[in-house]
Each structure stands twice: as C-alpha cells, then as structure tokens.
Amino acid sequence: MNEDISRPEVIDRTQVRMMVYTALMAALTAAGAWIAIPIGPVPIVLQNMFILLAGLVLGSRWGTASVAVYLLAGACGLPVFAGGMGGIGRFVGPTGGYLVGYLPAVFLLGRVSEKRPTVLFDVIGMILATAVIYGVGTAWLHALTGLSWPKTLAVGMIPFLPGDAVKIVAAAGIARALRPIVKME
Amino acid sequence: MSFIEIRSLSHRFADGTIGLDRIDLGVESGEFVVVAGENGSGKTTLLRHLNGLLLPTDGEVIVDGRSVAADPVRARLKIGMVFQDADSQIVGQTVAEDAAFGPENLGFDRQQIDRRVRSALEAVGLAHAADQAPHLLSGGEKRRLAIAGVLAMGPEGIAFDEPFSNLDYAGVRQVLAQMVALHRSGHTLVVTTHEVEKVAAHADRLVILHRGAAVLSGPPAVLFPDLERYGIRQPCAFKLGKEVGSWLA
Amino acid sequence: MSAFEYRPGGSFLHGLDPRTKLAAAAVFALVGLAASLPVLAVSGILIVWALWRAGVGPRQWVRDLRIFWMMLLFLFAVRAVTGSGPALVQVGSLGVTAQGLADGGMICLRLSIVALAGIGVSAATRPSEIEAAVQALLRPVPFVPEKRVATILGLVVRFLPEVLREVRLTKEAQMARCIEQRKNPIARLYLFAVPLLRRIFVRADRLAMAMEARCYSDNRTGPVLSAGLTDTLCLLALGLLVMLSLL
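Parameters and conventions
Residues numbered from 1 in each chain as written. Chains lettered and ligands numbered in written order. Predicted model: local features only at pLDDT ≥ 70, side-chain atom pairs only at ≥ 80, totals over all residues. Heavy atoms only, no water. Salt bridge = Lys/Arg side-chain N within 4 Å of Asp/Glu carboxyl O. Buried < 20%, exposed > 50% of the residue type's maximum accessible area, 1.4 Å probe, protein only. Helix = DSSP H or I, 4+ residues; strand = E, 2+ residues; numbered from the N terminus. Phe/Tyr/Trp six-rings, centres within 6.5 Å; stacked < 30°, edge-to-face > 60°. Lys NZ or Arg CZ within 6 Å of the ring centre and 35° of its normal.

**Some remarks on the pattern of salt bridges**
Reasoning step 1: Tallying each qualifying case throughout the model produces 30 salt bridges over all chains.
Reasoning step 2: Salt-bridge contacts for Arg22(B) lead to Asp21(B); the nearest nitrogen and oxygen are separated by 3.1 Å.
Reasoning step 3: Judged by its relative accessible area of 57%, Arg22(B) falls in the exposed class.
Reasoning step 4: Between Glu162(C) and Arg158(C) there is a salt bridge, with its nearest N and O atoms 3.3 Å apart. Highlighted residues: Glu162(C) and Arg158(C), both in helix α8 (residues 146-176), separated by four residues, approximately one helical turn.
Reasoning step 5: A residue is classified by how much of its surface remains accessible, and Glu162(C), at 11% relative accessible area, is buried.
Reasoning step 6: Of the residues examined, Arg158(C) reaches a relative accessible area of 9% and is grouped as buried.
Reasoning step 7: One network of salt bridges, with partners in common, ties together Arg158(C), Glu162(C), Glu166(C), Arg199(C) and Arg203(C).

Take a look at the structure:
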C-alpha cells in the first residue's frame, strides 16, 4: 500500500458531532412515526415531539437541517416514512402539509429558544411551532378535501390538541434534561 | 527512537479530575503491548492520546518521530483505532461500504479504494460478507469489521480499546487470532484490557495502569504476581501454579 | 418484505442510473399534480408496468400502501358528498353527486401516480445509490454542502434500525418496572424519552469520535455513477411528459 496519501482536510470535531446529532434527530423523527405511547384512550404518536426536540436541542440551524434531511430522505425514497408511505407521494397525500410545515416550525422554534434558554421561551416557541405546523397542514388538507374550514379544523387539528399539549410540556422537561449532555458547538 | 514515545504525559479533564499522571512509555515498532488496569485507571484516556482524539495537558506523545499534538491527522494514519463499542463505530450500511469509509476520507480514487477494501476484508476473513448489513454480524465479526476499517487505511500500528468486552468465547478467539496475525505481519499493537488472561500468552509486554499512572511494565509472566494488587484479575492458570497458555490453543 | 425496501434484481428499473429514477419520481409528481386525464392514464400504465417488471406487483403495492389507500378512500368519500349538482344517492343529509364522484376519482388517481412512482425508486434502488444520486444532484445547488448532506443521509439510514431497537429495549425495561401504573401522561413521556435519548446521544458521541479517528473529511472520494443510453432516452421521455402535462 504505497499509493500517495493526499492529506485529508479533516473537519472540525464539533462539526462532525453536529452532523451526527443531526442525522440522529432525523432518524428519531422517522422512528417517531412508528412509536406510539398508549396514553388514555388514544395512543399518541411521538413524531412531532421529536420535531420539537430537534428545534430545542439542536437550535435553529442544525434543527432545521435535521428536519430537512428527514424530508429529503423521504422524498427520495429512502425508507424513513412509516406506515408504508414512501417517497414523494407522502407529500401530496392528505397529511403532506403537516410534513412541509415541520420545516418553518423548527426554524422558528430554534430561533425563539435561542433567544433565551428558559422554560418559558421553550414553551412559547413550541406553541408557535405547533401553530405553524397546523397552519400549513390544515391549509393543504382544506385544499385537497374541499371541506369547509370549520370541518377541516375539526378533522385535522382539534382532536390532536390535547395530545400536543402533553407533548409540549413533556418536551420542555426532556429538553432541559438533554441539553447538558448534548455538547453543542 | 521508539515508534510511540510517551513523555511525561498528563491529562486533566475539564472538571479537574486527573485522567493520566506523568506517564512515560515507549512502544517499539512491531511490539505487542497490553495495557492493563481496572475501570477508571486511565486506559481509554491513554489510548486516545495516541491518535490525538485527546491532547495532553502536559508532556507529549510522539508517533514515528512527530508530535501527535502538532499533527493529529498524521498520527491517525499511523495508528488505527478499534473502539470498545463495535456497534457505534460502524458508519456504512454494508460491510464493504464501512471498510471504504476511511480510504474515501483519504481521497483515494475508486479503484484504489476497492482494492484496499478487498484486501482488508480478506485479511479479517469477511470478504464473503461484503454486501451484508453490518448490524446483522456477530459480535466477533463486528469487531473484525472495525479492524478491517482501519486496516484499509494502511496503518503501521493498531490500538484496541477493550477488544474483548461483550464477546462470547468464539468472539474472543476470533479477535485474538486476528491480533496475532496482525502482530505477525509486523503491525505494532497496543491493547487495553482488564482481562489479562485472554491476551497474556501473546503479548511481548504488559503495562499496568493504576489511577492514571503507569506503575509497572515488563514481560507478562513476570508481572502476574502483582496484578491483584492493582485490581486486575490474575490468570486462572497462574493461580493454580500452571503456565498461562494461549486462548487459541 | 415491504415494497419500500430495496429488492435486488436486474429489471429495467434496477438498471437505470439512480439520478434518472429520482428525476422520474419528480416528473411523475408534477404529472400527478398538473396533467390531464390522458397523460395521467399513460403515466399510470408506464409506472405499473415498470413496477411489475421490478418484482412489485399489485398485491405488494395494495398491501404496503394500505394506510395511503385508506386516506385516499376518505378523500374520495369527502369529495363525493361535497360536490355540487343534483344528488345521485341521498345518504341522510349528505348527497352523493356525479361531479363529486368525478372529482374524488380524479384526485385519487393523481395521488396514486405520485405514490406509485415513489415506490419505484425505493424498491429498485439501493439506499447508497440514492445517497450518491442526491449528492450528484445537489452539487450545482449553491450553499448546500452536498457531501455532508449525503453523509448525513447515510447516517440516518444507519441509525434508524438502531433507534427502533433502543425504543423497544426502553419500553421493555419500563414495562418490567410497571410503568403502566403511572397515570400522568407527561411523566410517562418524560420517563420514556429521557433515558432513551440519553443513551442514543452517548452512542452518537462515540460514532462522531470514530469518524474523526478515521479522518472524516470534506474532500472525500465520492461515489461513481454512470448513466447510459437508456438513461438518456428516459430523460427525453420524461421531458416530453413534462411538456405534455404543462400544456
């Protein structure tokens, strides 16, 4: 093995670590679509909680990157979408709007929680992010089904709000526990 | 000058605890050195100084004539590292892709990479599994894949961190046989472990770490009587007054 | 085996360059959203044929897209009763109209085409080929470090089975300690997620260190892709489809 070794331009340690974290949050988001915790009568699916955690723990830049990578992987047909809905078809299905909404939502959440790392800012950020997700999600649902707005909201938002409230409060606590071990830049 | 020269190496962690305390150690080219010590004695910390994953607070580490701190990338090319947790060091989705990760980073062209990957996988006996998913491999095979991953980068030395942890008997024998073969082909080996019994018969030298200091260094058989004083289990055969044989026998 | 997993083979789809397949999926997404009925019909036939040749028959895609079909059914039902015009059948206060049925059928056909084209990529392309194609297609895009994106994509695919396994282990460990006795949902979520994430992030740290030890770099050798004559012909056909759908 005597070929010339070109000197690799190695990447800064924190950059590598943030890349790995980004991939990890994207994988958790993908897995979150499969993970349901049986709480009360309806099991709640954890995907949007991991989306929120990506914003809280990784911040606006890497958090948005992790959601973007998740969506890109799904759009390109990598096996990351749950429930047998792979590929670009998922985006145009009735729930596609929620997926697309994740992107601005995480960016916004990251921005808000970076302002001040307090529980209050975290929760405000998560409420705003959830509003963005439902804004984009129900708009697409409305366009696709042709249902009236009150009916669209009754189908595509209101039933999920109690679960979302639970996830927001839990995510605030989880983010606090996680931040010290996630060594950021 | 030795292949690896460790001079008065100290490492203090960010929280103030002392990881390594003025270690002096030389490893000759082609030598097979076992570094033993109880958990927390500083074995992993020491190993991570060999390729610049950690840098000294004091003292220096010199690999093949050049300071690791001054040029960690060169040290990484000279000494490949096999980590304790074999699962967490797999990057690729197939065995061949994982072995290719290092050479790809070094910027070789595709043909050279394929050649290196093939010969590395052959060297560890995983050529037949090239297209398999790594998480389906057995514990011993995963560790061998990790070895192939560093072999493909063409190092002169290989550092093993607790290579026998979580392995069954068959796995231990596979990994041990691999080490012996690497040693025979001229590689320098530095192996940390708390299970001296498994490698003692093949090592040239045993170094005992205790609370971050290198307290003893010498031929394994000479140091057996002192092991338990430093919290390391003595080989069974030694306790029974017999010669400590190879696990490969 | 799901249609979304890669299945080895030598079919027409398998032989195409992954870039061509991604382009095709994108074109069919456009077709699905914009094209008229004849173009939709032709596209549908093409896709079903290619899938069948690649070893994914109607059985698989009916079964594997179960949830998707159920959502389409819902969509169809909603559309059927919200159309305007005279009711064909009256169900309680809801009237099924001819226009509603036509609208619903059309939307379902459009969405099915997009979804089936997506299966075509997943079933006949290795994940590593998809990453390579993404890297190649992102190269001209400014401000996007395509090699890093491809690395992260690969890591996602690598992490996914590991994350699912850790989830299962965490659930088992908690069931062994009677987590069901806890009624507070917030506490349950917290107690589930914190140990899981803590463990996974520690492993991520180790992976990052192992990548560093193997000199992870930005000027790393990329994958090799080669497109042939078939790919060129396919791209021409796809271009034609785009024109037809936009007309």
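**A closer look at the packing of aromatic side chains**
Reasoning step 1: Counted under the stated rule, the structure contains eight aromatic pairs over all chains.
Reasoning step 2: Aromatic pair Phe224(B) and Phe238(B): ring centres 5.5 Å apart, planes at 55 degrees, arrangement tilted. Taken together, the residues span a long stretch of sequence, with Phe224(B) in the loop between α8 (220-223) and α9 (236-239) and Phe238(B) in helix α9 at a distance of 14 residues.
Reasoning step 3: Exposure remark for Phe238(B): the relative accessible area of 26% places this residue in the partly exposed category.
Reasoning step 4: Aromatic rings pair up to connect Trp61(C), Phe68(C) and Trp69(C) into one cluster.
Reasoning step 5: Taking the ring centre of Phe159(C) as reference, the NZ or CZ of Arg158(C) above it sits at 5.1 Å.

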